Amino acid sequence: MRLFRLAKILSIVSRYGIDDMIFEHEPSGRLAALSRFVHFWRHLDSPRAVRLRLALEALGPIFVKFGQVMSTRRDLLPLDIADELAKLQDRVPPFSPELALTQIQLAYGRPASEVFAEFNATPVASASVAQVHFARLHAKDGGHEVAVKILRPNMHGLIAHDLALLDTLAGLLEKVWSDGKRLKPREVVGEFAKYLYDELDLMREAANCSQLRRNFKDSKLLLVPGVYWDHCTTTVMVMERMHGIPISQTEALVAAGINLPALSRAGVEIFFTQVFRDGFFHADMHPGNIFVATDEVHHGKYVALDFGIVGTLTDVDKNYLAQNFLAFFQRDYKRVAMAHIEAGWAPPDTRVDEFEAAIRSVCEPIFDRPLHEISFGRALLRLFQTSRRFNVEIQPQLVMLQKTLLNIEGLGRQLDPNLDLWTTAKPFLERWMGEQIGWRALARGLQHEAPNWARTLPQLPRLLHQALNREKPGELAPLVAELASAQRQQNLLLGLIAVLLAALLIVNYL
């Protein structure tokens, strides 16, 4: 099976001249010359980006999905290829209604007519991994209108084979591409595999949807559909049907009375709230996954759909981003350079002054200009080119954040070309950073550690008694260390209480 699949892939690669695109990066040029000699009969008239997109479409859903993900990695791709691959987002043909009904039967062990009061076998949306149908639950289940997401059949076996072949191709790129080792194509494939396997489990997507809905409960900006857990399986997900206008239909939005500039600012706030408040964000925010509600109750709110890909950030990631954003807003490019070196992303022997000057040349033109005059995609590309010069390693955990920021840029351009992203985001980020590094952060840390202190402090007399009654001196060291640690925590707590009491006395005196 794998050999047959490999033969098909090689045939398509040859037909569209993808081998020529790969071998041109081999330093010696011998492989490119050999390929042209073997394929002397081939005429490649179409642009390389178009040929690559057509080849991925011919290879099937997994390669289409890979092309979609790679379209966001402008650190790895030329702009013409990245722009062409972005066209793959909504061009996946659906599977047949018969197969959809078969998948329902396999998931529930009974036909769709018994699971749903109504089920439209014609899909309303189709993607590389799954497609969506509208339905209605039975009256005993509430009779609600729902959207039913169905996984494409036989995906696991096909994915396993194709990922193995992609990994082999990535290994080849590392050897023939001059930047292969630094940009880690095998790690990119591994990251793609992780997100792809996550998308194949629709229970995981349902959990992502539920988490995002909980994070934005009672939000005035964002609606997230509810999940009907009793009807969810690993291959079928049933959620609340959402109504609205696709965000790409700007004329319809204006006709519905939507304030586009306000909508664009709300989108920025939603994004930064997800990233910095929650560390959990919708990472597939292309226009096909975003609607705008137009009913009286939710008029003007965003509606999020498709939760197969979400991004998460650790406290370390958020702290790094906070330092960089603060430095960017203050135009302290030396601090940006130092943050990269201190994080270990740039070599320790990097000259800070040269790195600072390179970052300044990229970032300075961005500030104080409306969005329509700049491109964050090109700015990111120049930053990555700068990072290549200074041997900065691309951090895989921030790839989804970069991708989502580019999506936000596209939405902002579409809704309000005059949006100044920095001016819109700056107050929110400054408020968030104040909460992270100011008195609020200290209070939150004290609240978080208080239960540990409450458990440790009463144990001090017992630990001291046990330590003094020990006969073996060698066993005393761990207890002394634990005692000293507890004593330091107690001293810190008493010191903080003293400072707070002094502050209160000063305030009352004034």
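Shown above is the structure to which this text applies.
Caption draft 1: Fine view of the nonpolar core. One finds L253, F272, Y302 and L429 to be the most contacted residues of the largest nonpolar core, which totals 103 residues. When neighbours within four sequence positions are excluded, Y302 is seen to be in contact with L221, L222, L223, I247, L263, S264, A266, G267, I270, I290, F291 and L415. Counting 15 residues, the second-largest nonpolar core is a separate cluster that includes Y108, L137, V148 and V238.

Caption draft 2: Quick look at helix α14 (residues 260-278). Its 19 residues place the ends of α14 26 Å apart at the C-alpha level, agreeing with the 27 Å of an ideal helix rising 1.5 Å per residue. If you check the start of α14, you find a side-chain oxygen 3.2 Å away from the backbone N of A262, and it comes from N259. Looking one or two places after α14, you find G279, whose phi comes out positive at around 65 degrees.

Caption draft 3: Helix α11 (residues 185-200), seen in detail. With 16 residues, α11 ought to run about 22 Å at 1.5 Å a step, and its terminal C-alpha atoms sit 22 Å apart, in line with that. When α11 is considered as a whole, its buried residues turn out to be P185, V188, V189, E191, F192, A193, Y195, L196, D198, E199 and L200.

Caption draft 4: Quick look at empty space enclosed by the protein. The tally for this structure, following the rule as stated, stands at four cavities of 30 Å³ or more. Estimated volume of the second largest cavity: approximately 140 Å³. Residue lining of the second largest cavity: 17 residues in total, with G267, M285, Y302, I408 and L411 positioned closest to the centre. Those elements that place two or more of their residues in the lining of the second largest cavity are α14, β10 (302-304) and α19 (399-415). For the lining of the second largest cavity, a count of residues per class yields 12 nonpolar, five polar and no charged.

Caption draft 5: Expanded view of the pattern of salt bridges. Scanning the model with the defined rule gives 16 salt bridges in all. Across the salt bridge formed by R53 and E84, the nearest N and O atoms sit 2.5 Å from each other. Residue R53 is located in helix α4 (residues 48-59), and its partner E84 is located in helix α6 (residues 79-85); the two are separated by 31 residues in the primary sequence. E84 carries the same exposure label as R53, and that label is buried. A salt bridge links R136 to E145, with the shortest nitrogen-to-oxygen separation between them at 3.5 Å. Take R136: its relative accessible area is 29%, and that puts it in the partly exposed class. Via salt bridges that share partners, E118, R136, E145 and R241 belong to a single interconnected network.

Here is what the cut-offs are and how they apply
- Residues numbered from 1 in each chain as written.
- Predicted model: local features only at pLDDT ≥ 70, side-chain atom pairs only at ≥ 80, totals over all residues.
- Heavy atoms only, no water.
- Core = buried A, V, L, I, M, F, W, Y, C linked by side-chain atoms within 4.5 Å.
- Buried < 20%, exposed > 50% of the residue type's maximum accessible area, 1.4 Å probe, protein only.
- Contact = heavy atoms within 4.5 Å.
- Helix = DSSP H or I, 4+ residues; strand = E, 2+ residues; numbered from the N terminus.
- Expected span 1.5 Å × (residues − 1).
- Polar contact = N/O pair within 3.5 Å; in protein donor to acceptor, adjacent residues only side chain to side chain.
- 1 Å grid on protein atoms, 1.4 Å probe; cavity = no way out; pocket = protein on both sides within 12 Å on 5 of 7 lines; lining within 4 Å.
- Points joined across faces, edges and corners; volume = space filled by probe spheres on them.
- Nonpolar A, V, L, I, M, F, W, Y, C, P; charged D, E, K, R; others polar.
- Salt bridge = Lys/Arg side-chain N within 4 Å of Asp/Glu carboxyl O.

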